[in-house]
Amino acid sequence: MNLTFTDRVAVVTGAGRGIGRAIAESLASEGVHVVCVSVNPASCGAAAESIQAQGGKASALAVDVANKEAVAEACTQLIQEFGGVDILVNNAGITKDGLLIRMTEDDWQAVIDTNLSSCFYWCKGLVRPMTKKRWGRIINVSSVSGISGNAGQINYASAKAGMIAMAKSLAKELASRTITANVVAPGFIATDMTTSFQEGDVADQVLATIPLKKFGSPQDIANMVTYLASEEANYITGQVFTVDGGMTI
Ligand code: NAP
C-alpha cells in the first residue's frame, strides 16, 4: 500500500480467522511485527506461522480477551518482550443473537465481555508505554449494528456502540500524547461469523440492503485498518469509518 511504518509492533485480537487474520497479514506485509491473539492456540498459531512463511514478523498469543486477568498478564508479558506495543487492534468478537424476550443474561454478558470489556482490558494494559513513547494507534473493529442498532442484537449492538464511544473518549484523553483512537465499522463481511447469511433467501434479503450488491471481504476491512495504523493517518482521530458497501448511507 506504500504506507509508512517505522519498527512498529501491533497486537491484533481475533487474528486467528476472518477479519482479524486479514488485518494481521496486511500489517505484517507493511513490516509491522504482529502479535496474533485469539482464544484457540491452534488458530492464532496458524495465523502467525502463515505470516512467518511469507517472510513477515509475527508471534502468537492465545488469550481469552474476556478474561481480565489473562489480558493483564499478556500485556505485562508483551511490555517485557517488546518494551511496548504501538498499534492495538481490538477486533475479537462474538455474537449470541436473540430477541430481548428470549435473550438470557449469560448471552448478554458474554457478548458485552468479549466485544466491549476486552477493549478496556487491552487499553488499560497497553496504553501507558504508548503515552511514554508519545505515539500510538488504537483501532476498534465495531459494526454497523453499533451505529444503527439491529433487532435481535441488543447485546452485540450495545457492545459495538460502546466501542465507538470508548474510542471517541480515548481520542480526547490521549491526543496530547499523539495517540489516535479510531473505529472501523464493517457491514456484512464474508467470514465464519456470517456463514448463515451467505446463501439462499437470507443472502438475497441481505444483498437487497447493500447498494454495492455484494458481501465485503476481510481484506476490505484490513485495508482501512492498515491505513489508520500508518503514519499517513496521523491527523485522524475519534472517527468512525463504515466499510459496508453503502448499507448505512
Ligand atoms: P470470526 O470469523 O468469527 O473470527 C473471530 C475471531 O475472534 C477468531 O479469531 C476468534 O478466535 C476470536 N475470538 C472470539 N472470541 C474470543 C475470545 N474470547 N478471546 C480471544 N479471541 C476470541 O469473526 P469476524 O467476522 O472475522 O469478525 C471480526 C470482528 O469484526 C468482530 O468483532 C465482529 O463483531 C466484527 N464484525 C464482523 C462483521 C462480519 O460481517 N463478519 C460485521 C461487522 C463487525 P479463534 O480463531 O481462536 O476461535
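Preceding this paragraph is the structure being described.
Residues numbered from 1 in each chain as written. Predicted model: local features only at pLDDT ≥ 70, side-chain atom pairs only at ≥ 80, totals over all residues. Heavy atoms only, no water.

(A) Looking closely at the layout of surface pockets. For the largest pocket, the calculated volume is near 1100 Å³. In this structure, the largest pocket is lined by 48 residues; those nearest its centre are Gly93, Thr95, Tyr156, Thr191 and Met193. Going through the elements one at a time, helix H1 (18-29), strand S2 (33-38), helix H4 (105-133), helix H5 (145-148) and helix H6 (154-174) are the ones with two or more residues in the lining of the largest pocket. No other element matches the three residues that H1 contributes to the lining of the largest pocket. Here the residues of the lining of the largest pocket sort into 18 nonpolar, 25 polar and five charged. (1 Å grid on protein atoms, 1.4 Å probe; cavity = no way out; pocket = protein on both sides within 12 Å on 5 of 7 lines; lining within 4 Å. Points joined across faces, edges and corners; volume = space filled by probe spheres on them. Helix = DSSP H or I, 4+ residues; strand = E, 2+ residues; numbered from the N terminus. Nonpolar A, V, L, I, M, F, W, Y, C, P; charged D, E, K, R; others polar.)

(B) Representation of the environment of cysteine 119. By the element assignment, cysteine 119 lies in helix H4. Considering only alpha carbons, one finds cysteine 119 and methionine 1, 118 residues apart in sequence, at a separation of 27 Å. With residues up to four places along the chain from it excluded, the contact list for cysteine 119 reads Asn90, Asn140, Met163 and Met166. (Contact = heavy atoms within 4.5 Å.)

(C) Representation of the site of the ligand in the model. Near the ligand, the surroundings consist of 30 residues, among which Ser43, Asn91, Tyr156, Ile189 and Thr191 are the closest. Measuring from an oxygen atom of the ligand, one finds a backbone N or O atom of glycine 187 at 3.3 Å. With respect to the ligand, the backbone of isoleucine 189 contributes an N or O atom lying 2.8 Å from an oxygen atom. Computed on the free molecule, the ligand has an accessible area of 900 Å², of which 93% lies beneath the protein chains in the complex. If you map the ligand onto the pockets, it falls in the largest pocket. Listing elements by their share of the shell around the ligand, those giving two or more residues are H1 and H6. Of the residues belonging to the shell around the ligand, the class tally is 12 nonpolar, 14 polar and four charged. (Near = heavy atom within 4 Å. Polar contact = N/O pair within 3.5 Å; in protein donor to acceptor, adjacent residues only side chain to side chain. Areas by Shrake-Rupley, 256 points an atom, 1.4 Å probe, with all protein chains shown as cover. Sits in = over half its atoms within 2 Å of the grid points.)

(D) Seen up close, H4. With 29 residues, H4 extends 41 Å from end C-alpha to end C-alpha; this agrees with the ideal 42 Å at 1.5 Å per step. Maximal helix bending in H4 amounts to about 40 degrees, located at valine 127; proline proline 129 follows within four positions. (Expected span 1.5 Å × (residues − 1). Bend = angle between axes of the 7 residues up to and from the residue.)

(E) A look at empty space enclosed by the protein. Applying the stated rule across the entire model yields one cavity of 30 Å³ or more. Approximately 30 Å³ is the volume attributed to the largest cavity. Per-element tally for the lining of the largest cavity: the top contributor is H4, with five residues.

(F) Spatial organisation of a nonpolar patch on the surface. A cluster of nonpolar side chains, contributed by Leu100, Trp108 and Ile154, occupies part of the molecular surface with about 280 Å² of accessible area. Relative to the helices and strands, tryptophan 108 is located in helix H4. Taking the relative accessible area as the measure of exposure, tryptophan 108 reaches 31% and is therefore partly exposed. (Patch = residues over 30% accessible without salt bridge, like charges linked within 9 Å, V, L, I, M, F, W, Y side chains within 5 Å. Salt bridge = Lys/Arg side-chain N within 4 Å of Asp/Glu carboxyl O. Buried < 20%, exposed > 50% of the residue type's maximum accessible area, 1.4 Å probe, protein only.)

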